[in-house]
Amino acid sequence: MAKGRRRQPVKVKGKGAFDPDNASTVKLSKVGVWDLYEETQAKPKWIPWGEKLEELYEMKQNLPFLWRMIKDIGSLRSCWFLLFSYAVLSSFLAVLPAVALWYSGQLLHIVEVAVESRQVDKQFLFRVALGRMVCALVRRLAQHLLNRTKLPLDQRIKAHYSAHIFEAYVRLDLPTYEDPLVRRQLEAAWGTRSSVAWDAIQLVTEVFSTTVSLVSQLSVLRNVLRGQRDGLLIACLSFCSPLLSWMRIQRFFMRGVWAATCRSKAYIKLQGLKRLAAETMYRKELVAGNLAKFLVKEYNEALDEAGDNAGDFQEMRRKLMQRDRLTSISLLADPMKEIPLIVFALRAVQYPASIPISLASLNLIQSTVNSFSHSILYFVDQFGSISEQFDSIRKLYEITNIKNTIASGRIPFPDNSRKLQDGISVEFRNVSFKYPGTDVYALRDVSFVIEQGQLCVIVGVNGSGKSTVLKLIMRLYDPTEGTILMNGIAIKDLNVDDLRSAVSVLFQDYTHFPVTIGENIGMGDPDFAHDSDRIEQAAKLSGALDFIQKRPDGFEEYLDRPVSDYYSTLPEGTKTLFGRPVDLSKVRHVGRLSTTNSSGLSGGQMQRLALSRTFMKSLGESDKIGLLLFDEPSASLDPAAEHDLFERLRALRGSKTMIFSSHRYGNLTRHADVILCMCDSVVEEIGNHESLLKKGGTYSEIYSLQAQAFL
Ligand SMILES: Nc1ncnc2c1ncn2[C@@H]1O[C@H](COP(=O)(O)OP(=O)(O)OP(=O)(O)O)[C@@H](O)[C@H]1O
């Protein structure tokens, strides 16, 4: 296990938060390449069994979540019959070992009678033997039926909770979702192979059936061993070994408040290089840049530098714990297994006449103890993981309670007195902003007013803060200082959903969703997401219709197919055992499996698609939108397409407010009512094209530079 090293100047403030100002309550240890920070104050090590008590207390606190889960699953009508069958079969399987044990006891009794009286009740022997066989058969059948109920139950419960987790994911705003702690919390609920809820149900059932099995076997064994010389002694001795084994079991799960981070440059580089090699989005540049040899060299160097300790945190913890496993208890456990046999041998020498009976009872005891120890170990193991499972259930429910950083205001928007068709006014009052986790101002004391229905263009060099202005208007982030107003009301007081519905935005770093082209466009306005006429109209306005119609599947095509095909493990081009060449092309052809997962659209085509999504919202006589925001909407368009686009946008906007961010001066700025010229996080100049040219400042300088470039 990792060794404690020294105290770091880090402290826990409340549960789960580090206070960097205090050094006394957080222990730092090394786990491979990971730094593990553990809260020490809260661990009640000075109380005997303190940690166990704390674990039990936490389990008790988690019980309401278990109860909620049981109620939730109980409300799934489609699961009722399956749950009932599952419970009945599990209970049946739990008592079956005791029945088998009873039959074994009867066999022992027959041997006993035979030794003493030299007589065998053949009919009884036949019945008992048959009973034992039937037990084994019935057990197999019940197990089969149980497995058959598990699959549909698992799928239905999984589907129910996946909807719950999906909702928890999509409701988060940007700053909250960007928080790595929140990401881990979400991954814990969704990232696992099977569903937390199904695992919990299985666990609870297993614990119940293990208890039933234990109690029933114990009572049968007591009956069977009654009157057997040394039966109890040998049984007790036989238990020593499984008990010692149980004491050896180590928990890999960590309780309390802890966090781990990796600062090994080599390990971080390795992970980066792995992603670079594995993810499709980097492949174009990897190939074009002829990076293969270089990357292999870099990878090998990083591998050497990272050394043996380079591994995932949980994996390293597990390995390090296993490495430390040779303890005095573990040394004792194996020799203890031999003691019952030695005692038996000694007693056999003492009473040679009763050897056959003792032999049979020894066999019975040992097989029962084996099944016992298996049950005990399993039970203890399950009991250990019950607390983990309870924690997981709690996490599963608590993810829906993660608080969004951007709080909604109460005022509905727009209020009835103003129509959105006339546009929305936007005002920045002394707004400053730093992105979360940074110390640099992205905007500094920015103030401006854009009146209803005006066309505003924000110009400025890279990184001057243009996109940030648009993000703050959408309330993707809230300003660090200052106020933003819409129609004269502080946007913090407006209902945030209303606000985002009233504004349409196209970001510079737009993305395409992993759904079909049609759905991609349709999502621009969820109310009309399935209206194919409207989707086609939006594609036409953005100039995307032509190329979409030429695609093999048109609007049904996936830009980036989210599901990959599977292929047999034999590599293409090799041969099978009898020399048949492995050629996957035939199965691919017959099954019409695609040869690529990506769309192969040009940058300009991608941008037109993104524009179509924006147009969805602004189509028709819609009074839903009062403000249109465009961040570099023409960056990937050719000059003719750009000209067309601006013409269409101006015609489309009617009297709505429109804000553009752009590097290109002229085409748009000439028509703008207001131009904000930004530099280094501040608005340097405000005016229209003529007034700013007259002023002869930054705007006129860059305008002249760009104009010269086209001469
Ligand atoms: N998510 C982010 N986290 C931290 N800093 C950011 C983030 N996004 C932008 N910044 C920083 O904020 C500043 C302003 O960025 P912004 O994107 O608003 O500039 P811009 O004028 O739109 O640039 P460009 O013309 O290149 O699009 C930059 O210094 C940038 O590095």
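Computed from a predicted model, the values in this text were never measured in an experiment. (Residues numbered from 1 in each chain as written. Predicted model: local features only at pLDDT ≥ 70, side-chain atom pairs only at ≥ 80, totals over all residues. Heavy atoms only, no water.)

**Q** Could you clarify how one ought to interpret the sheet that holds strand 13 (residues 627–631) in this entry?
**A** Strand-to-strand pairing in sheets goes through backbone hydrogen bonds, with the strands running parallel or antiparallel. Taken together, six strands build an open sheet; the order of strands is 12-13-14-9-15-16 and the sheet is mixed. The open sheet has two free edges, formed respectively by strand 12 (503–506) and strand 16 (682–687), since each of these has just one partner strand. When the angles between neighbouring strand axes are averaged without regard to direction, this sheet yields 15 degrees. Bridge count for strand 9 (residues 455–460) against strand 15 (residues 674–679) is five bridges, and the pairing is parallel. In the strand pairing of strand 15, Ile 458 is matched with Leu 676. Those strands touched by helix 22 (residues 639–653) are strand 9, strand 13 and strand 14 (657–662), and its axis lies near 155 degrees from that of strand 14. (Pairing = 2+ DSSP bridges. Helix = DSSP H or I, 4+ residues; strand = E, 2+ residues; numbered from the N terminus. Axes fitted to C-alpha atoms, helices over the stretch in contact; angles between N-to-C directions. Contact = heavy atoms within 4.5 Å.)

**Q** Looking at this structure, how should I read the environment of Leu 676?
**A** Positionally, Leu 676 belongs in strand 15. The exposure class assigned to Leu 676 is buried, which follows from its relative accessible area of 0%. Distance in space between the C-alpha atoms of Leu 676 and Val 459 is 6.2 Å, their sequence separation being 217 residues. The residues contacting Leu 676, other than those within four sequence positions of it, are Phe 448, Cys 456, Val 457, Ile 458, Val 459, Val 683, Glu 685 and Ile 686. (Buried < 20%, exposed > 50% of the residue type's maximum accessible area, 1.4 Å probe, protein only.)

**Q** Can you help me understand the site of the ligand in this one?
**A** Looking at the ligand, there are 13 residues lining it, with Asn 462, Gly 463, Lys 466, Ser 467 and Thr 468 nearest. Within the contact set of the ligand, an oxygen atom lies 2.9 Å away from a side-chain nitrogen or oxygen of Asn 462. Relative to its free-state accessible area of 630 Å², the ligand is covered by the protein chains to the extent of 65%. Broken down by element, the residue count for the shell around the ligand peaks at three residues, all from helix 15 (residues 466–473). Among the residues forming the shell around the ligand, the class breakdown is three nonpolar, nine polar and one charged. (Near = heavy atom within 4 Å. Polar contact = N/O pair within 3.5 Å; in protein donor to acceptor, adjacent residues only side chain to side chain. Areas by Shrake-Rupley, 256 points an atom, 1.4 Å probe, with all protein chains shown as cover. Nonpolar A, V, L, I, M, F, W, Y, C, P; charged D, E, K, R; others polar.)

**Q** I would appreciate a short explanation of the sheet that holds strand 8 (residues 441–450) in the present structure.
**A** Taken in spatial order, the four strands line up as 8-7-10-11 in an open sheet, and their pairing is antiparallel. Every other strand in the sheet has two partners, leaving strand 8 and strand 11 (489–490) as the edge strands with one partner each. Across six bridges, the pairing between strand 7 (residues 426–434) and strand 8 is antiparallel. Following the sheet pairing, Val 431 is matched in strand 8 by Val 446. In this fold helix 15 packs onto strand 7, strand 8 and strand 10 (481–486), with an angle of close to 110 degrees to the strand it touches most, strand 7.

**Q** I keep staring at helix 10 (residues 292–306) and nothing clicks. Help me out?
**A** Since the α-helix advances by 3.6 residues per turn, residues separated by three or four positions end up pointing in the same direction. The end-to-end C-alpha separation of helix 10 is 21 Å, in line with the 21 Å expected for 15 residues at 1.5 Å each. Along helix 10, the positions that sit buried rather than exposed are Leu 295, Glu 298, Ala 302 and Ala 306. End-on view of helix 10: buried residues confined to an arc of 65 degrees, all on one side of the axis. What points out from helix 10, more than 90 degrees from its buried face, is the exposed set Lys 293, Val 296 and Asp 304. Those residues of helix 10 hidden inside the fold are in contact with helix 8 (265–278) and helix 9 (283–288). Gly 307 sits one or two residues past helix 10 and shows a positive phi near 75 degrees. (Expected span 1.5 Å × (residues − 1). Arc of directions from axis to C-beta.)

**Q** Help me out: how do you make sense of the pattern of salt bridges in this one?
**A** In a structure, side chains of opposite charge can pair up when their charged atoms sit close to one another. Per the counting criterion, the structure on display carries nine salt bridges. The salt bridge involving Arg 263 is made with Asp 35; its shortest N-O contact spans 2.8 Å. Residue Arg 263 is found in the loop between strand 6 (258–262) and helix 8, and its partner Asp 35 is found in strand 5 (residues 34–39); the two are separated by 228 residues along the sequence. Among the residues examined, Arg 263 registers a relative accessible area of 51% and is labelled exposed. Two residues, Lys 269 and Glu 298, come together in a salt bridge whose shortest N-O distance is 2.5 Å. With Lys 269 in helix 8 and Glu 298 in helix 10, this residue pair connects regions lying 29 residues apart in the sequence. By relative accessible area, which is 37% here, Lys 269 ends up partly exposed. Several salt bridges share partner residues, and in doing so they unite Lys 30, Asp 35 and Arg 263 into one network. (Salt bridge = Lys/Arg side-chain N within 4 Å of Asp/Glu carboxyl O.)

**Q** What is the right way to read a nonpolar patch on the surface from this model?
**A** Judged by side-chain polarity, Phe 126, Leu 130 and Val 134 come together as a nonpolar surface patch covering roughly 290 Å² of accessible area. Along the chain, Leu 130 turns up in helix 3 (residues 122–170). For Leu 130, a relative accessible area of 44% gives the class partly exposed. (Patch = residues over 30% accessible without salt bridge, like charges linked within 9 Å, V, L, I, M, F, W, Y side chains within 5 Å.)

**Q** Please explain helix 13 (residues 339–350) as it appears in this structure.
**A** With twelve residues, helix 13 should cover 16 Å at 1.5 Å per step; its first-to-last C-alpha distance of 17 Å lies within 8% of that length. Residues of helix 13 that are buried include every one of Pro 340, Val 343, Phe 344 and Ala 348, and no others. Projected down its long axis, helix 13 shows its buried positions confined to an angular sector of 135 degrees, all on one face. In this structure, helix 13 carries Leu 346 and Val 349 as exposed residues pointing more than 90 degrees from its buried face.

**Q** Sorry if this is basic, but what is going on with the environment of Lys 158 here?
**A** Within the fold, Lys 158 resides in helix 3. Assessed through its relative accessible area of 26%, Lys 158 is described here as partly exposed. The spatial distance from the C-alpha of Lys 158 to the C-alpha of Trp 198 is 7.0 Å, given a sequence separation of 40 residues.

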